[in-house]
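Chain residues, written in single-letter form:
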Amino acid sequence: MKTRFAPSPSGHLHVGGARTALFNFAYARRLEGSFLLRIEDTDQKRSSDAASIGFLKDLAWLGIRWDEGPEFADGHVHCGGGKAGPYFQSERLEVYADELNRLVREGKAYHAFDTPDELEAKRQAARAEGRSYRYDRAGLMLSPDTVQRYLDEGRPSVVRFKAPEGPVTIADEVLGSATLPAGEVDDFVIRKADGYPTYHFAVVVDDELMGVTHVLRAQEHFNNTAKHILLQDALGYRRPVYAHLAIICNPDGSKMSKRDKDRILRAAVKERGLEAPPHGTMDDAVFEAWVADKNVQLDLEHAMRLADALDVQLPEINVDDFRRSGYLPEVLVNFLALNGWSPGGDREKFDLAFICREFDLPRVIKTPARFDRTKLLAFNLDALQAMPREAFVDRVRAHGDEFHPFFMEHLSEAQFELLAAASHERSKTLDDMFRTNRWVLTPDEKLAWEDTKPVRKALTGGGPTGLDQLRALQPILADLADWTVPELERVITEFAQAHAGGQLGRIAQPLRIAVSGGTVSPAIFDTLAILGKKSTLRRIERCLEWAAASAGLAG
Ligand code: GLU
């Protein structure tokens, strides 16, 4: 028993692709078979090596290991290798040529020399007569001598499969059987004019020669399966078991596509009435071209910088988006499995080992799954909260090293550990700490305060006001020799008892605003300890100066 995942590496691994890989992997484990990975890179225009490597990394990150396929090593992970390679289709052209020539020799495929214009004219004629277009087999009418002469002359040609007449029945383990009536499959191209095999031909040859017995793949390939079955019969191949998986879509039923990112950014740009790109995000020309044409997509770098500048969160679509956003791979794997498979009962939380033990085709869901990010976030929160403190800190550190090197370099190890530990309780993702604590990175002299309602309330409300409290606390903090969480807690609690009727919040919030510029930071003693004495005092001083200079805030 052997399953496979066969991505075409253009761009990034989409969650839908990741789920297909997961199901193939789990099914192979469950039936004690093996799982093969093949890179379908015959579309040279769209494939890239960088994308292939990205795909391998994403799969490995999710914990999906392939027994056979491109070799991959990263830390303690080693996957791939095998005797049926190479596993990149671009390196298998001779294999395809051999099988293709055999079909031509046997009269089951033929050369066709129609030019694109001729084909277009035939299509238009069909349309004008109100019938559906099928290739008219012009290539098949040529005598063998003519074909040879054309080939010798170097006329551009494709090879077409001589599709047998008759209905084709696709037996699908998830969707059930479906029969395509006779005449639905026409003589499709199996070798393109550039000499490369088409997807249909390469996939059929590879599945046979690589010994694939089970094909679990996206539903968009369902109709292709009819072509594949006919090719298998013509080539004398075995027929694998097929199961097609319904797509994953957004909660509103739309397709989860990378265009969703552009959509969110366009809305934010429009809402703010921006006519030029925010400073440092991209060139004016790139921005203008993007604004002018709704079909233009920003590349990921530009999209991320713009999202940062506009303070919007991009929707995650690809596996590396989720990684960057700080989701745990074990949570994403759990969630992907739930989107399209049910383990039975109302069980929702499980790990990869469980999926590998339990995954089965009868419980694959036939209808499209709706990807609920809010629920995923809740799963991630639960998993992070269930983690021991040290494990959390380690994972935040690894995340920071990968995605926030500037942040990590800026903090000492002690500061980092304090901040990470203090952030644990409220973290929904590994990224939250970095996104919500930018105040740590801001130089003391650059910290700015905004005159917003909550800031005003905390600083000027009550009597004594927050600003009065800050002024009174200043010398006490300046005298504190031992700048540690317990000592800070002791003096500030004492202060609150003496000056704020024991209400810690009445001093904690003005302090938080003074040192962070905003109303959100970890617990106040942790916040001050992370910042250190010098920065804390300087920030309080500057905040009081700012308040004095702002009309109405002078308190
Ligand atoms: N390479 C195809 C794709 O990425 C999948 C081929 C298959 O699973 O048969 O859509």
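Everything discussed here concerns the structure shown above.
Residues numbered from 1 in each chain as written. Predicted model: local features only at pLDDT ≥ 70, side-chain atom pairs only at ≥ 80, totals over all residues. Heavy atoms only, no water.

**Quick notes on the site of the ligand**
Part 1 of the argument: Every residue close to the ligand is listed here: Arg4, Ala6, Pro7, Ser8, Glu40, Tyr199, Val203, Arg217 and His221.
Part 2 of the argument: Tyrosine 199 places a side-chain nitrogen or oxygen 2.9 Å from an oxygen atom of the ligand.
Part 3 of the argument: Between the ligand and histidine 221, the relevant distance is 3.0 Å, taken from an oxygen atom to a side-chain nitrogen or oxygen of the residue.
Part 4 of the argument: When the ligand is considered free in solution it has 300 Å² of accessible area, and contact with the protein chains removes 81% of it.
Part 5 of the argument: Of the residues that constitute the shell around the ligand, the class distribution is 4 nonpolar, 2 polar and 3 charged. (Near = heavy atom within 4 Å. Polar contact = N/O pair within 3.5 Å; in protein donor to acceptor, adjacent residues only side chain to side chain. Areas by Shrake-Rupley, 256 points an atom, 1.4 Å probe, with all protein chains shown as cover. Nonpolar A, V, L, I, M, F, W, Y, C, P; charged D, E, K, R; others polar.)

**Some points on the pattern of salt bridges**
Part 1 of the argument: Counting across every chain of the model gives 42 salt bridges.
Part 2 of the argument: Salt-bridge contacts for arginine 137 lead to aspartate 187; the nearest nitrogen and oxygen are separated by 2.5 Å. Residue arginine 137 is found in the loop between α4 (116-128) and α5 (138-141), and its partner aspartate 187 is found in the loop between β8 (176-180) and β9 (189-191); the two are separated by 50 residues along the sequence.
Part 3 of the argument: Overall, aspartate 187 belongs to the buried group, its relative accessible area being 1%.
Part 4 of the argument: Residues arginine 538 and glutamate 541 are paired through a salt bridge, measuring 3.1 Å at the closest nitrogen-oxygen approach. Of the two residues, arginine 538 and glutamate 541 both sit in helix α25 (residues 533-549), 3 residues apart, roughly one turn of that helix.
Part 5 of the argument: Judged by relative accessible area, which is 24%, arginine 538 ranks as partly exposed.
Part 6 of the argument: Using a relative accessible area of 36% as the deciding quantity, one classes glutamate 541 as partly exposed.
Part 7 of the argument: Connected through shared salt-bridge partners, Arg4, Arg38, Glu40, Arg92, Asp206 and Asp207 make up one network. (Salt bridge = Lys/Arg side-chain N within 4 Å of Asp/Glu carboxyl O. Helix = DSSP H or I, 4+ residues; strand = E, 2+ residues; numbered from the N terminus. Buried < 20%, exposed > 50% of the residue type's maximum accessible area, 1.4 Å probe, protein only.)

**Digging into the sheet that holds β9**
Part 1 of the argument: Taking strand neighbours across the sheet as the criterion, the 3 strands line up as β5-β6-β9 in an open arrangement whose pairing is antiparallel. Lying at the two open borders of the sheet, with one neighbouring strand each, are β5 (109-112) and β9. Neighbour-to-neighbour, the strand axes of this sheet turn through a mean angle of 45°, independent of strand direction.
Part 2 of the argument: Here strand β6 (residues 158-161) runs beside β9; their pairing, made up of 2 bridges, is antiparallel. What sits directly across from arginine 160, in β9, is valine 189. (Pairing = 2+ DSSP bridges. Axes fitted to C-alpha atoms, helices over the stretch in contact; angles between N-to-C directions.)

**Comments concerning unusual backbone geometry**
Part 1 of the argument: With an omega of 0°, the peptide bond between glycine 85 and proline 86 qualifies as cis.
Part 2 of the argument: Its location among the elements puts proline 86 in the loop between β4 (77-81) and α3 (93-105).

**Side note on the side chain of serine 550**
Part 1 of the argument: In this fold, serine 550 is placed in the segment after α25.
Part 2 of the argument: With a relative accessible area of 15%, serine 550 lands in the buried category.
Part 3 of the argument: From its side chain, serine 550 meets the backbone oxygen of tryptophan 546 in a polar contact 2.7 Å long.

**Here we look at the packing of aromatic side chains**
Part 1 of the argument: Counted by the stated rule, this structure contains 16 aromatic pairs.
Part 2 of the argument: Between tyrosine 27 and phenylalanine 359, the ring centres sit 5.8 Å apart and the planes meet at 80°, which makes this aromatic pair edge-to-face. Pair noted here: tyrosine 27 is in helix α1 (residues 15-30) and phenylalanine 359 is in the loop between α14 (352-358) and β13 (369-370), with a separation of 332 residues, a long-range link. We note that tyrosine 27, like phenylalanine 359, is buried.
Part 3 of the argument: Measuring from centroid to centroid gives 5.5 Å for phenylalanine 161 and phenylalanine 188, while their planes differ by 50°, and the two rings are tilted. With phenylalanine 161 in strand β6 and phenylalanine 188 in the loop between β8 and β9, this residue pair connects regions lying 27 residues apart in the sequence.
Part 4 of the argument: Directly above the ring of tyrosine 133 sits arginine 123, whose terminal nitrogen or CZ lies 5.2 Å from the centroid.
Part 5 of the argument: Directly above the aromatic system of tryptophan 61 lies the positively charged group of arginine 323, at a separation of 5.3 Å from the ring centroid. (Phe/Tyr/Trp six-rings, centres within 6.5 Å; stacked < 30°, edge-to-face > 60°. Lys NZ or Arg CZ within 6 Å of the ring centre and 35° of its normal.)

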